[in-house]
Amino acid sequence: VLSHNLCTVLNVPHDPVALEEHFRDDDEGPVSNQGYMPYLNKFILEKVQGNFDKVEFNRMCWTLCAKKNLCKSPLLISDEDAFKVWVIFNFLSEDKYPLIIVPEEIEYLLKKLTEAMGAGWQQEQFDHYKIAFNTSREGLSAWELIDLIGSGQFSKGMDRQTVSMAINEVFNELILDVLKQGYMLKKGHKRKNWTERWFVLKPNIISYYVSEDLKDKKGDIMLDGNCCVEALPDKDGKKCLFLIKCLDKSFEISASDKKKKQEWIQAIQTTVNLLRRGKPPPHKEARQKRKELRQKLLAEQEELERQMKELQTANENKQKELETVRKQLEAAAARAAEEEKKRLQTQVELQDRFSLELEREKMVRQKMEEQVAQKSSELEQYLQRVRELEEMYKQLQEALEDEKQARQDEETVRKLQARLLEEESAKRAELEKWHLQQQQTIQMTEAEKQELENQRLIKERALQVAMQQLEQLELERKEALEQYEEVKKKLETAANNTKSWKDKVAHHEGLIRLIEPGSKNPHLITNWGPAAFTEAELQQRQKSWKGKKAASE
């Protein structure tokens with residue numbers, strides 16, 4: 001299962017036959033890590049091409065080791081944050097096993113987390129922590145680092161969400177190589193519309209997504225040494241514009257304000273410059289420089305220790321030489337005493353001979369004393385040189401402390417200047433925003449006033465036309481009433497005439513039949529019976545009404 005999962009994560013084809021051949025059932029007991037490592041190196045790690053998801057690989061390794069090694073005491077960070085701290089530890093740890101993170105890298109990581117949380121760095125607190133740190137150990141393990149961050153010792157006053165966001169920000173920068181990210185508007189290439197996207201800048205690519213959860217990726221902007229970025233003037237109602245030019249395509253982007261625009265332009269330009277020079281991302285380059293500086297300081301310290309050992313060895317040799325001379329002197333003194341005793345015994349007989357030997361012994365003693373004085377002088381010079389070297393070592397330590405304090409002071413002043421510049425930029429942006437809002441308000445007020453005046457004139461004209469049409473309709477209504485009265489009178493007359501004729505016909509019914517003249521045109525039939533006029537008369541009236549209506553309009 002472990003081998004299959006490793007092959008899946010590392011994008012390596014799994015060979016179950018090789019697995020069965022390597023681990024045959026002719027051994028007793030379980031497979032140890034010494035037995036598994038040759039198979040891992042030969043059949044899995046040697047086939048890795050580098051086209052795998054490192055985060056997923058780290059997550060699998062975390063799953064294998066976290067349950068056994070992670071501290072059971074409650075932490076102020078979640079398991080996901082602990083996983084990210086573990087991955088950051090693997091990035092910052094030294095290149096030797098067992099893996100540890102040295103105090104300099106711990107200080108760098110804690111500074112990054114403190115800056116991400118928006119708090120001030122407590123150098124004095126970290127110095128106390130370094131003093132309390134066990135001097136026999138070179139650094140912390142991954143699980144000790146997780147305990148240190150999870151204990152909240154350097155994040156007092158911060159809630160869990162703030163600490164989690166800081167860990168995620170440092171993880172994105174150091175592990176995912178995210179140099180900058182944020183929301184901006186992007187102009188489309190086909191529809192030419194502006195859409196808000198979440199942009200993520202990495203060392204050689206800019207990816208943009210629908211939202212910051214990075215689930216729906218919409219596209220990439222591939223960066224190389226031929227790309228460039230330049231600011232654009234405001235247009236189409238969009239502000240804070242800049243253009244990213246690539247070999248095959250250009251992208252128009254709109255930032256939320258001028259500060260964000262300048263930050264994105266500077267970040268993209270820095271990334272392009274690094275690609276042109278073939279340099280790694282800033283955080284990786286800084287890590288390499290810190291490592292080289294540590295190696296340099298370690299080499300200097302080893303050189304000083306070697307010189308001190310040489311001096312100590314030379315001092316011991318001188319001490320041995322002095323001890324040898326002292327013993328020689330003591331032996332000479334003993335011999336002299338013995339000879340003196342013999343001389344006393346043979347004083348009378350050997351007076352002349354003793355005198356010669358005494359002179360000779362005096363000369364030997366003088367030479368020995370001169371040698372002792374010379375050796376003492378050399379020893380004093382050697383001790384003086386040792387003291388000078390110790391003084392030089394102390395001065396070197398003080399110079400290193402002064403340099404470290406100067407760097408800290410310089411960093412504090414730089415941060416203060418950056419904060420003042422940010423405050424000035426924010427105030428300037430706010431004043432410009434107020435000025436633009438006032439201008440827009442004045443323009444909108446004038447435009448609304450002019451539009452209201454135009455609408456009033458249009459409504460007055462429409463009212464006049466409506467009044468004219470109303471008067472015309474009133475005239476037509478009156479004419480229609482007059483015609484109606486005339487037609488009504490004609491109908492009454494015709495009805496009276498018809499009634500008199502019907503009476504006469506009733507008297508003579510059966511004798512005579514009246515033949516009434518018929519109309520040449522067919523009669524119009526209405527809901528009330530035959531119409532009072534013909535169709536030709538109706539068409540004539542319609543033409544007359546249409547003509548009057550056209551004239552009134």
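Residue indices follow the written sequence of each chain, beginning from 1 at its first position. Reporting of local features is limited, given that this is a predicted model, to residues whose pLDDT is at least 70; pairs of side-chain atoms are given and counted only at 80 or more, and all residues count toward the totals for whole chains, interfaces and linings. Values shown for side chains rest on all heavy atoms present in the structure; no hydrogens or waters enter the calculation.

## Quick look at the packing of aromatic side chains
How we decide: Side-chain rings of Phe, Tyr and Trp (the six-membered ring for Trp) are treated as a pair once their centres are within 6.5 Å; stacked means planes under 30 degrees apart, edge-to-face means over 60, and tilted covers the remaining angles. Helix and strand assignments follow DSSP, with helices taken as H or I runs no shorter than four residues and strands as E runs no shorter than two, numbered in order from the N terminus. Each residue gets one of three labels from its accessible area relative to the maximum for its type: buried under 20%, exposed over 50%, partly exposed in between, using a 1.4 Å probe on protein chains only.
Following the criterion strictly, the structure yields 8 aromatic pairs and no others. With a centroid separation of 5.6 Å and 55 degrees between ring planes, the pair formed by Trp-62 and Trp-86 is classed as tilted. Of this pair, Trp-62 sits in helix 4 (residues 54-69) while Trp-86 sits in helix 5 (residues 79-92), and the two are 24 residues apart along the sequence. For the pair shown, Trp-62 and Trp-86 are each scored as buried. Ring geometry for Tyr-183 versus Trp-198: centroids 4.8 Å apart, planes at 75 degrees, classification edge-to-face. Taken together, the residues Tyr-183 in strand 1 (residues 180-187) and Trp-198 in strand 2 (residues 194-202) connect sequence positions 15 residues apart. The class for Tyr-183 is partly exposed, based on a relative accessible area of 33%.

## Focus: a negative patch on the surface
Using the following cut-off: Patches in this entry comprise residues that are over 30% relatively accessible and not in a salt bridge; like charges within 9 Å are linked, as are nonpolar side chains (Val, Leu, Ile, Met, Phe, Trp, Tyr) within 5 Å. For accessible areas, the Shrake-Rupley method is used with a probe of radius 1.4 Å. Any residue's cover is judged against the shown protein chains and nothing else. Whenever Lys or Arg places a side-chain nitrogen within 4 Å of a carboxyl oxygen from Asp or Glu, that contact is recorded as a salt bridge. Counted as positive: Lys and Arg. Counted as negative: Asp and Glu, with His and the chain ends omitted from the count. Just so you know, the charge point we use is NZ for Lys, CZ for Arg, CG for Asp and CD for Glu.
On the surface, Glu-390, Glu-391, Glu-398, Glu-401 and Asp-402 cluster together into a negatively charged patch. On the basis of relative accessibility, which here comes to 51%, the residue Glu-398 falls in the exposed class.

## Considering the UniProt feature "domain: PH" (unreviewed entry) in the chain
Basically, it comes down to this: UniProt positions are given in the numbering used here, feature names are shortened, and annotations may be inferred rather than shown by experiment.
The feature "domain: PH" (unreviewed entry), as annotated in UniProt, sits at residues 177-273 in this numbering. As annotated, residues 177-273 has a helix share of 16% and a strand share of 44%, and its two end C-alpha atoms lie 16 Å apart.

## Some remarks on helix 11 (residues 282-345)
Worth spelling out the cut-off: Any helix carries an expected span of 1.5 Å times its number of residues minus one.
In a regular helix each residue adds 1.5 Å, so 64 residues correspond to 94 Å; helix 11 covers 93 Å between its end C-alpha atoms and thus fits that length. Residues His-283, Arg-287, Arg-290, Lys-291, Arg-294, Leu-311, Val-325, Ala-336 and Arg-343 constitute the buried set of helix 11.

## So, the pattern of salt bridges
Applying the stated criterion to the full structure yields 23 salt bridges. For Arg-326, the salt bridge goes to Glu-330, with nearest N and O atoms at 2.3 Å. Taken together, the residues span about one helical turn, with Arg-326 and Glu-330 both in helix 11 at a distance of 4 residues. The exposure class assigned to Arg-326 is partly exposed, which follows from its relative accessible area of 36%. With its nearest N and O atoms 2.5 Å apart, the salt bridge here joins Glu-474 to Arg-477. Remark: Arg-477 and Glu-474 occur in helix 12 (residues 351-507); sequence separation between them is 3 residues, near one turn of the helix.

## Details of the sheet that holds strand 7 (residues 250-254)
Cut-off, in case you're wondering: For two strands to be treated as a pair, DSSP must find at least two bridges joining them. Axis definition: a line fitted to C-alpha atoms, limited for helices to the stretch in contact. Angles are taken between N-to-C directions and run from 0 to 180 degrees.
Read from one edge to the other, the open sheet built from 7 strands follows the order 4-3-2-1-7-6-5, with strand pairing classed as antiparallel. The strands lining the two open edges of the sheet, one partner per strand, are strand 4 (217-222) and strand 5 (228-232). Each strand axis lies, on average, 35 degrees off the axis of its neighbour in the sheet, ignoring direction. By the bridge criterion, 8 bridges tie strand 1 to strand 2 in an arrangement that is antiparallel. Its bridge partner lying in strand 2, Lys-187 is registered against Trp-194.

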